[in-house]
Amino acid sequence: METYAVIGLGKFGFHVAKGLAQQGLSVIAADLDEDQVREINEFVQDAVILDSTDMRALREAGIANVDVAVVSIGENIEASILTVMALKELGVETVVAKAITTVHGQILSKLGAAKVIYPEMESAKKIVKKMVKNMHYETIDLSITMKIAKLTVPSFWVGLSILSPIFESEFEVKPIAYKHQGIWYTSFEKDDILEKGDILVVLGDSGHIEALSKRI
């Protein structure tokens, strides 16, 4: 199993670290800010306060031994560059780095970052894609491994009984509520048939909920 480090726990880094951990992966999360480290602590295997430009601190935290390091440092471009340099010098095989500008990204690539990401640009693309597709899919984390999804009933479920075994056998999710003609129902009968425009709430582990989102 690959091991990961996420350095920089702002909004982007926090969600990357949490998302990796929810997939059952080993994650070390690190930041200089004690509050941010405390916030991520319950989700990851290890959370540490450190100066990521300090090679000795990175080595002592075990970050030198991870397979993939994600550098998600915010506006401090100097710290971002020095961190990527330190990770490569320590021998971390794959470094993924967040960039603020194109020039920043070019520098990180030249320093050995295997992939440079531009979160704001990529987030905008995803938002546009969702707007164009008019997708209706929301999720709520119940724990590191379990999620609830609320979605407009997709075409491949229209006409199914809400008690159909297909939900668990094929999609590995469990319907727990649905909304039909403006009324919510939490107890079901075999003749409760899902119709176009109904809202369905399902429960499942994070991987299956994520897989479902890609089929809609």
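As a reminder, the structure under discussion sits directly above these lines.
Bear in mind that the values here come from a model prediction, so they are computed numbers and not experimental data. (Residues numbered from 1 in each chain as written. Predicted model: local features only at pLDDT ≥ 70, side-chain atom pairs only at ≥ 80, totals over all residues. Heavy atoms only, no water.)

Peer 1: Can you break down the overall build of the chain residue by residue, with the values?
Peer 2: For the chain, the count of helices and strands is eight helices and eleven strands. Overall, the C-alpha framework of the chain stretches about 65 × 35 × 30 Å when taken along its three principal axes. Counting all 216 residues of the chain, 43% fall into the buried class. At a minimum sequence separation of 6, the contacts of the chain that also span at least 24 residues come to 54%. Accessible surface for the chain amounts to roughly 12,300 Å². Of this, 52% is attributable to carbon and sulfur atoms. (Helix = DSSP H or I, 4+ residues; strand = E, 2+ residues; numbered from the N terminus. Buried < 20%, exposed > 50% of the residue type's maximum accessible area, 1.4 Å probe, protein only. Contact = heavy atoms within 4.5 Å. Areas by Shrake-Rupley, 256 points an atom, 1.4 Å probe, with all protein chains shown as cover.)

Peer 1: Break down the sheet that holds strand 9 (residues 174-180) for me, citing the residues and quoting the values.
Peer 2: Spatially, five strands are ordered 7-8-11-9-10 in an open sheet, and the strand pairing comes out antiparallel. A single partner strand is all that each edge strand has here, and the edge strands are strand 7 (137-141) and strand 10 (183-185). Within the sheet, the average angular offset between the axes of one strand and its neighbour, ignoring direction, is 20°. As paired elements, strand 9 and strand 10 share three bridges and run antiparallel to each other. Residue pairing across strands places Tyr-178 opposite Tyr-185, the latter belonging to strand 10. Packing of helix 8 (residues 206-215) onto the sheet brings it into contact with strand 7, strand 8 (146-152) and strand 11 (199-205), and relative to strand 11 it is tilted by some 140°. (Pairing = 2+ DSSP bridges. Axes fitted to C-alpha atoms, helices over the stretch in contact; angles between N-to-C directions.)

Peer 1: Quick one: what's the story with the sheet that holds strand 5 (residues 94-98), residue by residue and with numbers?
Peer 2: Strand order in the open sheet formed by six strands is 3-2-1-4-5-6, with parallel pairing between adjacent strands. Looking at which strands have only one partner, the edges of the open sheet turn out to be strand 3 (46-49) and strand 6 (115-117). Within the sheet, the average angular offset between the axes of one strand and its neighbour, ignoring direction, is 15°. Of the strand pairs in this sheet, strand 1 (residues 3-7) and strand 4 (residues 68-71) are connected by four bridges, and their pairing is parallel.

Peer 1: Any chance you could break down the packing of helix 4 (residues 77-90) against helix 5 (residues 102-110) for me, citing the residues and the numbers?
Peer 2: Contact geometry for helix 4 and helix 5: axes closest at 9 Å, N-to-C directions at 15°. In terms of their interaxial angle, helix 4 and helix 5 are classed as roughly parallel. Like other packed secondary-structure pairs, helix 4 and helix 5 cross with a definite hand, here right-handed. Contact with helix 4, carried on its side by Ile-77, Ser-80, Ile-81 and Val-84, involves His-104, Ile-107 and Leu-108 of helix 5 and no other residues of that element. Residue classes in the contact of helix 4 with helix 5 are distributed as five nonpolar, two polar and no charged. (Parallel < 35°, antiparallel > 145°, perpendicular 65-115°, else oblique. Left-handed = near helix turned anticlockwise from the far one by under 90°. Nonpolar A, V, L, I, M, F, W, Y, C, P; charged D, E, K, R; others polar.)

Peer 1: Would you mind going over the pairing of strand 11 in detail, with residue names and values included?
Peer 2: Bridge count for strand 8 against strand 11 is seven bridges, and the pairing is antiparallel. Bridge pairing in strand 11 links Lys-150 to Val-201. Both strand 9 and strand 11 contribute to a ladder of five bridges, which runs antiparallel. Looking at the pairing, Lys-179 lines up with Ile-199 of strand 11.

Peer 1: Describe the environment of Ile-162, naming the residues involved and giving the relevant values.
Peer 2: Its place among the elements puts Ile-162 in the loop between strand 8 and helix 7 (166-169). Taking the C-alpha atoms as reference points, Ile-162 and Ile-193, 31 residues apart in sequence, are found 6.1 Å from one another. Among all residues touching Ile-162, those that are not within four sequence positions of it are Phe-167, Pro-175, Tyr-178, Phe-188, Glu-189, Asp-192, Leu-194 and Leu-200.

Nothing here speaks to function; it is geometry throughout.
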